[in-house]
Every structure is written in C-alpha cells, then in structure tokens.
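Letter by letter, the chains look like this.
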Amino acid sequence: MSTRPAVIETHGLGKVYSPGTQAEVVALHGVDLRIDRGEFVAIMGPSGSGKSTLMNLVGCLDTPSSGRYLCDGIDVATLDAEALAVLRRDKIGFVFQGFNLLPRMSALENVAMPMGYANVPHAERMERAHAALAAVGLASRESHRPSELSGGQQQRVAIARSLINRPPILLADEPTGALDSRTGEEILALFKQLQADDHTVVLITHDPEVAAHADRGFVMHDGELHDATSPFAQAHFPGLAR
C-alpha cells in the first residue's frame, strides 16, 4: 500500500457519448486508477481506445457520465464551472503534441502568459518565467519567437509554460509525436527530471518505446484500462511491464 498521497484517483469512471440514441458510444467503462504524487506513469493504446477520453476527464476538460474522480484529493463533481477552472489552472499542466505556442510572443512571454490569469504581478511573472525556461535549458533562447526555435526547443517552452503555475500534475498527450527520436529522448529525460522534482507525470502515447520510459504503465483497450502487468496487456504489449 502506498504511503504517498494520491493525486489522481478514479472509481468506476465512465463516459458515454450520445446516451440513449442510435449513435451512443461507450468511450470509457468502469476505470479504476490511482496515481500517487511523484510517479511517472504511461497510459498507452491505439487511436479510439479511450486514452484521450480518459486524459480529458483526468484533466477536467470533460465530465464523466458515471463514477468518481478525485484530483489531488478534491472530488471534481462537487465543483461548479468557476471552481473547476481554478482547479484545472492550479493542479494540472498540459503538454500536447502540437506545441500551441503563440507565434508573435517570445518564449519568455509564452511561458509567462498563464500567470496573467492567476493575477500574478508582472515582475513576478517575468522572474518565474526566467526560472522556468532556465530549468528546461532554454535560458539563452527566451527572447526568441517559436519560429526561431527547433521543435524540441518549442516543446521545452511548452513544458515550462505548463509548469509555471506549479501544478502537481503534468499531463502529456503524445508529447514526442512531432519530434525526431533523439529530440524525443531528450524530452522524455526532462520528464524524468521533473519527476525527481516531485511532479507527477502522466504520459499518453500509442508508442510502446515511449511508454517504456515510465515507471508504471497501463493499456487502454475498448474503453477499459488494464495494468501493464495484466495478462491482457502482456499478450498485446509484452514490453511494457517491468
């Protein structure tokens, strides 16, 4: 039994689209998941398996049809829209395959931007953005715009931005998908570094080689979640379990 607090805990989580119609789709079925603070976990599966639906629910971007989700100990079902937005801002950082940087802003401005929504004073925003870019190895590139940065550098900026409000959880959806293999390895090494700094990293991927960098893995299949050590996962993805 883990002695660390759970930052992600789901009980019977389900998601049904267009319920009660001919177009009904059960995207997620009875998912039980616990991820403790400081873990690096991979959730793997092909397109349509339900992994993106699960990420959207864990990231509070969507609401479940059934079940319960506690984000850093908070039952999200008890929150109204405003409180949910605050929880998402303070508890979760997002990293996507597309870097989603604003092209007219410098790296420093892109990283500082989320703090504006948290009403952080300008001087503190700049100071924290400087520190965040230095932490991902881009102190010398902070004045450059995205078009002046490589793909790996842009993803580092996106990671720095995702961490700027100091959330305990980092959700990374196919973060190496747009990168060459060497640069992808650098980004995965950065995630390990963030884990060492007590961040919880949840990696969504379809690639077994990427998933193997995590300390613990799960496989999504037809809306159901399987531990990487389960017979099902071992039959389909034998390289995942450690």
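Draft legend 1. Structural view of the sheet that holds strand 1 (residues 6-17). Ordered by their spatial adjacency, four strands build an open sheet running 2-1-4-5, and the pairing between neighbours is antiparallel. Lying at the two open borders of the sheet, with one neighbouring strand each, are strand 2 (25-36) and strand 5 (74-75). Examined bridge by bridge, strand 1 and strand 4 (residues 66-71) share five bridges and lie antiparallel to one another. When the bridges of strand 4 are listed, Glu9 appears paired with Leu70. Packing against the sheet, helix 1 (residues 51-58) makes contact with strand 1, strand 2 and strand 4, and its axis sits at approximately 125 degrees to strand 1.

Draft legend 2. Just the nonpolar core, in detail. Of all hydrophobic cores here, the largest spans 38 residues; its most connected members are Val111, Leu133, Val157, Ile159 and Phe191. Looking at this core, the elements that each hand over two or more residues are strand 3 (40-44), helix 3 (107-117), helix 4 (122-135), helix 5 (151-162), strand 7 (169-173), helix 6 (181-196), strand 8 (200-205) and helix 7 (208-211). Each residue touching Val111, except ones within four places of it in the same chain, is listed here: Ala129, Ala132, Leu133, Val157, Ala160, Arg161 and Ile164. Among the nonpolar cores identified, the runner-up in size contains 28 residues, and Leu13, Leu57, Cys71 and Ile169 belong to it.

Draft legend 3. The arrangement of the layout of surface pockets in detail. Its volume calculated, the largest pocket comes out at about 450 Å³. Lining the largest pocket we find 16 residues, and of these Arg88, Arg89, Ile92, Phe94 and Pro114 sit closest to its centre. Of all elements in the fold, only helix 2 (81-91), strand 6 (92-96), helix 3 and helix 5 reach the threshold of two or more residues within the lining of the largest pocket. Per element, the largest residue contribution to the lining of the largest pocket is four residues, and it comes from strand 6. Across the lining of the largest pocket, the residue classes break down as 10 nonpolar, three polar and three charged. Along the walls of the second largest pocket sit 15 residues, with Ala131, Ala132, Ala135, Leu163 and His199 positioned nearest its centre. If you list the elements that add at least two residues to the lining of the second largest pocket, you get helix 4 and helix 6. With five residues, the single largest contributor to the lining of the second largest pocket is helix 4. Along the lines of polarity and charge, the residues of the lining of the second largest pocket split into nine nonpolar, two polar and four charged.

Draft legend 4. Fine view of the packing of aromatic side chains. Enumeration over the complete set of coordinates arrives at two aromatic pairs. Centre to centre, the rings of Phe40 and Phe191 are 6.4 Å apart; their planes meet at 65 degrees, and the pair counts as edge-to-face. Taken together, the positions of Phe40 in strand 3 and Phe191 in helix 6 put the pair 151 residues apart, joining distant regions of the chain. The burial state of Phe40 is the same as that of Phe191; both residues are buried. On the basis of an interplanar angle of 0 degrees and a centroid distance of 5.9 Å, the ring pair of Phe94 and Phe96 is categorised as stacked.

Draft legend 5. Geometry of unusual backbone geometry. In this structure, Cys60 takes a positive phi of about 60 degrees despite not being glycine. Tracing the backbone shows Cys60 in the loop between helix 1 and strand 4. The class for Cys60 is buried, based on a relative accessible area of 4%. In this structure, Asp72 is a non-glycine residue whose phi angle is positive, near 55 degrees. Tracing the backbone shows Asp72 in the loop between strand 4 and strand 5.

Draft legend 6. Main features of the side chain of Asn165. One can find Asn165 in the loop between helix 5 and strand 7. Judged by relative accessible area, which is 16%, Asn165 ranks as buried.

Draft legend 7. Representation of the sheet that holds strand 9 (residues 216-221). Here we have six strands laid out as an open sheet, ordered 6-7-8-3-9-10, and mixed in their pairing. Only two strands of the sheet have a single neighbouring strand rather than two, namely strand 6 and strand 10 (224-227). Pairs of neighbouring strands in the sheet enclose a mean axial angle of 20 degrees, with direction left out of account. Here strand 3 runs beside strand 8; their pairing, made up of five bridges, is parallel. Each bridged residue has a counterpart across the sheet, and for Ile43 the counterpart in strand 8 is Ile204. The sheet strands contacting helix 2 are strand 6 and strand 7, and the helix crosses strand 6 at an angle near 70 degrees.

Cut-offs and rules
Residues numbered from 1 in each chain as written. Predicted model: local features only at pLDDT ≥ 70, side-chain atom pairs only at ≥ 80, totals over all residues. Heavy atoms only, no water. Pairing = 2+ DSSP bridges. Helix = DSSP H or I, 4+ residues; strand = E, 2+ residues; numbered from the N terminus. Contact = heavy atoms within 4.5 Å. Axes fitted to C-alpha atoms, helices over the stretch in contact; angles between N-to-C directions. Core = buried A, V, L, I, M, F, W, Y, C linked by side-chain atoms within 4.5 Å. Buried < 20%, exposed > 50% of the residue type's maximum accessible area, 1.4 Å probe, protein only. 1 Å grid on protein atoms, 1.4 Å probe; cavity = no way out; pocket = protein on both sides within 12 Å on 5 of 7 lines; lining within 4 Å. Points joined across faces, edges and corners; volume = space filled by probe spheres on them. Nonpolar A, V, L, I, M, F, W, Y, C, P; charged D, E, K, R; others polar. Phe/Tyr/Trp six-rings, centres within 6.5 Å; stacked < 30°, edge-to-face > 60°.

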